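Coordinates in review
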Amino acid sequence: DKELWSELQVHTCYASDGPMKLAQTLLAAQIAAKGDPAAAGDCLSQAAPGPQTLLNPEPDFYVLGMKSYGRHSTFLMRVGYEQVELLLEQLNQSSQ
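Calculation rules
- Sequence positions are assigned chain by chain, starting from 1 and proceeding in written order.
- Per-residue local features of the predicted model are confined to residues with pLDDT of at least 70, and side-chain atom pairs are confined, for both listing and counting, to 80 or more; whole-chain, interface and lining totals are unaffected and use all residues.
- Water and hydrogen atoms play no part in the side-chain values, which are based on all heavy atoms of the structure.
- Each helix is a run of DSSP H or I of at least 4 residues and each strand a run of E of at least 2, with the numbering of both proceeding from the N terminus.
- A simple rule labels every residue: compare its accessible area, found with a 1.4 Å probe on the protein chains alone, to the largest value its type can have, and call it buried under 20%, exposed over 50%, or partly exposed in between.
- When checking whether two residues touch, look at their non-hydrogen atoms; a contact exists if any pair is within 4.5 Å.
- Put simply, buried Ala, Val, Leu, Ile, Met, Phe, Trp, Tyr and Cys residues joined by side-chain atoms within 4.5 Å make one nonpolar core.
- By convention in these notes, a salt bridge is any Lys or Arg side-chain nitrogen within 4 Å of a carboxyl oxygen on Asp or Glu.
- Two distance rules govern patches: like charges are joined within 9 Å, and nonpolar side chains (Val, Leu, Ile, Met, Phe, Trp, Tyr) within 5 Å, applied only to residues with over 30% relative accessible area and no salt bridge.
- To be clear on the numbers: accessible area is Shrake-Rupley with a 1.4 Å probe, and residue cover counts the displayed protein chains and nothing else.

Quick word on the overall build of the chain
When you go through the chain residue by residue, the secondary structure sums to three helices and zero strands. Counting from the amino terminus, helix and strand elements in the chain follow one another as α-α-α. Taken over 96 residues, the chain has a buried fraction of 32%. Restricting the contact set of the chain to residue pairs at least 6 apart, pairs at least 24 apart contribute 68%.

Right, dumping it as structure tokens:
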């Protein structure tokens, strides 16, 4: 449900309904893992992508956690916590 940010400038992926930068990163990782069948199905080996994937055209608005993955089924709570940590680090650096 994107009702919360329907009036904001959030660039979403048409395929996953997640924010575009993160959706591109997840798709690239999935394509890269196709050469290694063991890695393709192992969602436990994933890490939260960098803080740049959390940015949107809307200033100071971030989609984190399960909503950030849209319809991707590989979301882990650990990744959501890492996203929050990345965002807090980014906000801390920008305020200094």
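Further notes follow.
Side note on the nonpolar core
Leu22, Leu26, Ala48, Leu54, Tyr69, Phe75, Leu76, Val79, Leu86 and Leu87 together form the largest nonpolar core, which totals 10 residues. Sorting the residues of this core by element identifies α1 (20–33) and α3 (77–95) as the ones contributing at least two each. If one sorts the elements of this core by residue count, α3 sits on top with three residues. Excluding anything up to four places from it in sequence, phenylalanine 75 contacts Gln46, Gly65, Met66, Tyr69 and Gly80.

Focus on the pattern of salt bridges
Taken as a whole and judged by the stated rule, the model has two salt bridges. Note that aspartate 17 and arginine 71 form a salt bridge whose closest N and O atoms lie 2.7 Å from each other. Here aspartate 17, found in the segment before α1, pairs with arginine 71, found in the loop between α2 (37–40) and α3; they are 54 residues apart in sequence, far enough to count as distant. Accessibility expressed as a relative area gives 26% for aspartate 17, which makes it partly exposed. Across the pair arginine 78 and glutamate 82 runs a salt bridge, and its minimum N-O distance is 3.2 Å. Remark: glutamate 82 and arginine 78 occur in helix α3; sequence separation between them is four residues, near one turn of the helix. For arginine 78, a relative accessible area of 34% corresponds to the partly exposed category.

Observations regarding a nonpolar patch on the surface
Residues Val84, Leu88 and Leu91 make up a contiguous nonpolar surface patch of about 240 Å² in total accessible area. Mapped onto the fold, valine 84 is located in helix α3. The exposure class assigned to valine 84 is partly exposed, which follows from its relative accessible area of 37%.

Notes on unusual backbone geometry
Despite not being glycine, aspartate 17 shows a phi value in the positive range, around 65°. Positive phi outside glycine occurs at aspartate 60, with the angle close to 60°.

Re the environment of lysine 2
As for its position among the elements, lysine 2 is in the segment before α1. Considered as a pair, lysine 2 and aspartate 17 are 15 residues apart in the sequence and their alpha carbons are 8.6 Å apart. For lysine 2, the contacting residues outside a window of four places in its chain are Thr12 and Asp17.

Details of the side chain of asparagine 56
Its location among the elements puts asparagine 56 in the loop between α2 and α3. Among residues more than four places away in sequence, those in contact with asparagine 56 are Gln9, Val10, His11, Pro19, Phe61, Tyr62 and Val63.

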